[in-house]
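Spelled out from the first residue to the last, the chains are:
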Amino acid sequence: MNGSTSSTRATLNEIPNRIGFAARSALMLAAVLVVASGVSGCRRRPHVKGTVAVDDVLQTWNESGLDTASVENVDAAPWAAGACSRGQVANLDVLMCEYATDDSLARGEQQMQSELAREQVSTGLVTRTSRTLMAIADKRESDPTGQTIMKLVHGFRAVRQP
Amino acid sequence: MPNRLRLDRALRAPLRLHPRLRHCLFWLILFAGTSGAATLAFAQSGVAKYRGIHPLSPHQGRFCYIDLPHVHRIPPPDLRVYRVVADNQHVFVGDPVALGYDGLKFTYAGPHPLAMPNAPELAAAYCYIEKPHYHAHAPVETARAAFALKDDVYWTVAAPTPEFEKDRHNAWINQVQPIGGYQPPAVDKASAPPGHQPLVLPPAQAAPTAHAAPPGRGAPGNRPTGATRRKGRTP
């Protein structure tokens, strides 16, 4: 009995070590995943490989002092795109979509132009860099001279192409 | 003569207009047609298309600085300072400073090839502003040979092509009034560089009259006067 008690005590003494080992392992695994995600450029939005990422555009705008918090992922199907995000930046409606092929990009551009015409925006434009489209619509006459629009365009085009 | 015959002759008689009236009618129809086409395009699309910077309606000093294709709800109020290119896009070709522009500008001594960087389809077109004026662009590289730059003024050194006279109706741009406070560039025509060839429109030729042909004979394409015209036969 004394032998079994000592062995049980020894087993119980090992439990904290085993828990510590498991916790340490989990922490190490989490650290590896975090580092790996940073290295691979993991983004918080869906992204079509081979074209400019919306995340990178938003980061460029943020660095120039623009608030992009309201830009959210939206269904990309209406725009024939692989990924789309939409929101307001500087009181302007912005839609950005990433495309995998030139054909789908052409269809998406036509859709965006049609929407601008349908909504009879005060000012609007559709532009592209790589296979990423951006449509800007000023529906409230917030930017009649277009200078804020051009600031967004310059930031959009400044993103390094993949 | 029976009334029926009188009516028949009245309907068959060619419409005769004074040459000056005919000339005015031509310009009126051209202007209305251009405006009507642009208005129709706007009505069909819901927005008006622009390419590059341009004055904002009603051309009283506000300016749009979007330097790429874009759209506005309001169409151009004055087509004299625009050219319409592919896809019904309006390209502003006037003096931007005269209509409120406040940015980088380049001085031209007089009429010149348009040579705009954002409108290659206007490569053969001309600017008809007769007095020294500004544009927001320098001549494109491919057209630099037609210009000489002296004292920061672009002077034309190439003879005009046939398009210069063919598109002479665009000289209506000289009727556009600048906004208050506009200061045109100070250019001394006497300081023009060697080889300068000023572009001057020759006087408009008078339209040929219906009475130019000798009596009794019709010039080709003219209807003979006072004669009954039989179908399929020329009297």
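A few points on the structure. Please read these numbers as outputs of a predicted model, since none were measured by experiment. The residue count restarts for each chain, going from 1 along the sequence in the order it is written. Ligands are numbered from 1 and chains lettered from A, in the order in which they are written. Only residues with pLDDT of at least 70 are given local features in this predicted model, and only at 80 or more are side-chain atom pairs given and counted; all residues enter the totals for whole chains, interfaces and linings. Water and hydrogen atoms were dropped before computing side-chain values, which therefore reflect all heavy atoms in the structure.

### Focus on the overall build of chain B
Moving on, step 1. The way it works is that DSSP assigns letters per residue, a run of H or I at least four long becomes a helix, a run of E at least two long becomes a strand, and they are numbered from the N terminus. The secondary structure content of chain B amounts to 3 helices and 12 strands.
Moving on, step 2. The proportion of buried residues among the 235 residues of chain B is 37%.
Moving on, step 3. Contact between two residues is taken to exist if any of their heavy atoms lie within 4.5 Å; hydrogens are not considered. Long-range contacts, defined here as pairs at least 24 residues apart, represent 66% of the contacts in chain B between residues at least 6 apart.
Moving on, step 4. Only carbon and sulfur atoms are counted for the fraction: they give 57% of the accessible area of chain B, which is about 14,300 Å². Burial here depends on accessible area, computed with a 1.4 Å probe over protein chains only, as a share of the maximum for the residue type. Under 20% is buried, over 50% is exposed, and the range in between is partly exposed. The protein chains shown are the only cover counted for residues, whose accessible areas, like all others here, come from Shrake-Rupley with a 1.4 Å probe.

### Observations concerning the sheet that holds strand β10 (residues 133–135) of chain B
Residues and elements named next belong to chain B.
Moving on, step 1. Here, any two strands with at least 2 DSSP bridges between them count as paired. Spatial ordering of the open sheet is given by β10-β7-β12-β11, a layout of 4 strands whose pairing is mixed. The sheet terminates laterally at β10 and β11 (147–150), the two strands that pair on one side only. Pairs of neighbouring strands in the sheet enclose a mean axial angle of 35°, with direction left out of account.
Moving on, step 2. Bridge analysis of β11 against strand β12 (residues 153–156) gives 4 bridges, and the strand direction is antiparallel. In the strand pairing of β12, L149 is matched with Y154. Between N-to-C directions, angles span 0 to 180 degrees; the directions come from axes that are lines fitted to C-alpha atoms, helices contributing only their stretch in contact.

### Some points on the packing of helix α2 (residues 54–63) of chain A against helix α4 (residues 147–158) of chain A
Residues and elements named next belong to chain A.
Moving on, step 1. Direction vectors running N to C along α2 and α4 enclose 130°, while the axes themselves pass 9 Å from each other. Taken as axis vectors, α2 and α4 run oblique relative to one another. In the packing of α2 onto α4, the handedness of the crossing is right-handed. Each of V57, T60 and W61 in α2 lies in contact with α4, whose residues at this interface are L152, G155 and F156.
Moving on, step 2. Nonpolar residues are Ala, Val, Leu, Ile, Met, Phe, Trp, Tyr, Cys and Pro. Charged residues are Asp, Glu, Lys and Arg, and all others, Gly as well, are polar. For the contact of α2 with α4, the residue count by class is 4 nonpolar, 2 polar and no charged. Roughly parallel means an angle under 35 degrees; roughly antiparallel means over 145; roughly perpendicular covers 65 to 115; every other angle is labelled oblique. Should the near helix be turned anticlockwise from the far one by less than a right angle, the crossing is left-handed, and should it be turned clockwise, the crossing is right-handed.

### Thoughts on the interface of chain B and chain A
Moving on, step 1. Each partner contributes to the interface: chain B provides 16 residues, whereas chain A provides 18 residues.
Moving on, step 2. In the sections that follow, a salt bridge refers to a side-chain nitrogen of Lys or Arg positioned within 4 Å of a carboxyl oxygen of Asp or Glu. Between the two partners, chain B and chain A, sit 1 salt bridge.
Moving on, step 3. Across the pair R73 of chain B and E141 of chain A runs a salt bridge, and its minimum N-O distance is 3.8 Å.
Moving on, step 4. Secondary-structure elements contributing two or more residues to the side of chain B that touches chain A are β3 (63–64) and β4 (69–72) of chain B.

### Here's the deal with the nonpolar core
Moving on, step 1. Definition of nonpolar core: a set of buried residues of the types Ala, Val, Leu, Ile, Met, Phe, Trp, Tyr and Cys, connected through side-chain atoms within 4.5 Å. Within the largest apolar cluster, 33 residues are counted, with the highest numbers of intra-cluster contacts made by L122 and I173 of chain B.
Moving on, step 2. If you list the elements that add at least two residues to this core, you get β1 (48–51), β5 (82–85), β6 (89–92) and β9 (126–127) of chain B.
Moving on, step 3. Those residues in contact with L122 of chain B that lie beyond four places of it in its chain are R83, V85, V91, V93, L114 and M116 of chain B.
Moving on, step 4. Residues L66, V71, L92 and I136 of chain A belong to the second largest nonpolar core, which totals 24 residues.

### Some words on the side chain of H54 of chain B
Moving on, step 1. Within the secondary structure, H54 of chain B sits in strand β2 (residues 54–55).
Moving on, step 2. Aside from chain neighbours lying at most four places away, what touches H54 of chain B is F63, C64, H70, H72, Y82 and F92 of chain B.

### Considerations on the side chain of T129 of chain A
Residue and element names in this part refer to chain A.
Moving on, step 1. Note on placement: T129 falls in strand β4 (residues 123–129).
Moving on, step 2. The buried category is assigned to T129, whose relative accessible area is 5%.
Moving on, step 3. Among all residues touching T129, those that are not within four sequence positions of it are T51, V52, F156 and Q161.

### Remarks on the state of the cysteines
Residues and elements named next belong to chain A.
Moving on, step 1. The term disulfide is used for any two cysteine sulfur atoms that are within 2.5 Å. According to the stated counting rule, one finds 1 disulfide over all chains in the structure shown.
Moving on, step 2. Paired by a disulfide, C84 and C97 hold their sulfur atoms 2.0 Å apart. Across the disulfide from C84 to C97, rotation about the S-S bond amounts to roughly 110°, and the bridge is consequently right-handed. In this pair, C84 sits in strand β2 (residues 83–89) while C97 sits in strand β3 (residues 92–98), placing the two residues 13 residues apart along the sequence.
Moving on, step 3. On the basis of relative accessible area, C84 is assigned to the buried category, the value being 3%.

### Points about the sheet that holds β6 of chain B
Moving on, step 1. Judged by pairing direction, the sheet is mixed, and its 9 strands sit side by side in the order β1(A)-β2(A)-β3(A)-β5(A)-β4(A)-β4(B)-β1(B)-β6(B)-β5(B) without closing on themselves. Two strands in the sheet have a free side with no partner beyond their single neighbour: β1 (72–74) of chain A together with β5 of chain B. Averaged over all pairs of adjacent strands, the angle between their axes in this sheet comes to 25°, without regard to strand direction.
Moving on, step 2. Judged from the 7 bridges that link them, β4 of chain A and strand β5 (residues 132–138) of chain A form a sheet pairing that is antiparallel. Residue pairing in the sheet places L125 of chain A in a bridge with I136 of chain A of β5 of chain A.
Moving on, step 3. Those strands touched by α4 of chain A are β2, β3, β4 and β5 of chain A, and its axis lies near 170° from that of β5 of chain A.

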